Amino acid sequence: MDSIDPKKLEGYEKSLRIMKNNVSRVIAVTLFSISCLIFLVILWLLVDSIFITFFSSLNISENTFSIVNTVIKSLFTVIPMIFIYLPIELGIGKWFYEISNSKGKNVSLTTLFYYFNNKSLYFKSLNLQLDLLVRKAIIFAVCLIPAFVYEIWYSSFQFNLFFLGINVLRLLDFILIVAGLVFAFVYNLKYFMVKYLFFNKEESNKELFFKSDCIMRIRKKEVVEMYLSFFPFYILSVLIVPIFFMVPYMVLYFICMAKEFMGKSMKCN
């Protein structure tokens, strides 16, 4: 126990205390959040089934059929995800942020739909979520370019190189993908504070991204360590049930740490 950072231990204890004080509602919100994602998956499968049923008899090529099927499924799932789920997801984050401030007072579950209260809030939340999503996606795409280029180069050859039973060329491809994902994840931590700053004070996207970047310049290592400290939970999540504890606990722990970051880094103006 002596080897544990007292600040981290305090964060663990505070997050657990908040969980205990709101256990039934935390589980309900977690179930709701997971249900939204499951609904989108079911919708994707349902649209796929309907499409195949009604259009499989058409005299079109297999490639055209596959492309049209993918486009239609994407439209029916991406649109609800963008215009409904993204504002709800931000509302879920706001609810967790507010219960960490509640000091024993109940925070209404209607907070989950806070960003549907009026047009201004809705478009502000949607703008932030899309801006954040696009920025992160671009970084991931750029970081995976080396793997993509290598994949094209590798595919042009008709031979494999094996060493101790391992396909060396395929292994290099895997390493490039993993390295790209890791680098993109670490780089995207510059946006770690954006939503927490937004919950604290609804500023313009430009100000939020600037402040988040400013704070995270010296905090990335701490956040990486935070994610790594939950590694045992990632393994346990294979059993499904621990997810209902792990996900909200991690959310609350990150909120506690984010508040500490804000308290020490408000010079980012």
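The structure we're discussing is the one just above.
(A) Structural view of the nonpolar core. Formed by 45 residues in total, the largest nonpolar core has its most connected members in F96, F192, M193, Y196 and F261. Elements that contribute at least two residues to this core include exactly α1 (6–21), α2 (23–55), α3 (62–99), α4 (119–143), α7 (194–200), α8 (205–216), α9 (220–229) and α11 (243–264). With 12 residues, the top contributor of residues to this core is α11.

(B) Spotlight on the side chain of K259. Relative to the elements of secondary structure, K259 occurs in helix α11. Of the side chains with opposite charge, E98 comes closest to the buried, unpaired K259, at an N-O distance of 10 Å. A polar contact of 2.5 Å, which involves the side chain of K259, links it to the side chain of S100. The contact partners of K259, leaving out residues within four places of it in the chain, are Y97, S100 and N101.

(C) Just a nonpolar patch on the surface, in detail. Together, I67, V71, L75, F76, I79, F83, I84, F113 and F116 give the surface a local cluster of nonpolar side chains, amounting to about 840 Å² of exposed area. Note that I84 resides in helix α3. A relative accessible area of 46% places I84 in the partly exposed class.

(D) Region of the structure containing the pattern of salt bridges. Applying the stated criterion to the full structure yields 10 salt bridges. Notably, a salt bridge pairs D131 with R135, separated by 2.8 Å at the nearest N-O pair. One end of the pair is D131 and the other is R135, both in helix α4 and four residues apart, which spans about a single turn. You can call R135 partly exposed: its relative accessible area is 31%. Its salt-bridge partner being E222, residue R219 comes within 2.7 Å of it at the nearest N-O pair. The class of E222 is partly exposed, set by a relative accessible area of 25%. Among the ionic contacts, a cluster of salt bridges with common partners joins E151, R170 and D173.

The rules we used
Residues numbered from 1 in each chain as written. Predicted model: local features only at pLDDT ≥ 70, side-chain atom pairs only at ≥ 80, totals over all residues. Heavy atoms only, no water. Core = buried A, V, L, I, M, F, W, Y, C linked by side-chain atoms within 4.5 Å. Buried < 20%, exposed > 50% of the residue type's maximum accessible area, 1.4 Å probe, protein only. Helix = DSSP H or I, 4+ residues; strand = E, 2+ residues; numbered from the N terminus. Lys, Arg positive; Asp, Glu negative; His and termini not counted. Salt bridge = Lys/Arg side-chain N within 4 Å of Asp/Glu carboxyl O. Polar contact = N/O pair within 3.5 Å; in protein donor to acceptor, adjacent residues only side chain to side chain. Contact = heavy atoms within 4.5 Å. Patch = residues over 30% accessible without salt bridge, like charges linked within 9 Å, V, L, I, M, F, W, Y side chains within 5 Å. Areas by Shrake-Rupley, 256 points an atom, 1.4 Å probe, with all protein chains shown as cover.

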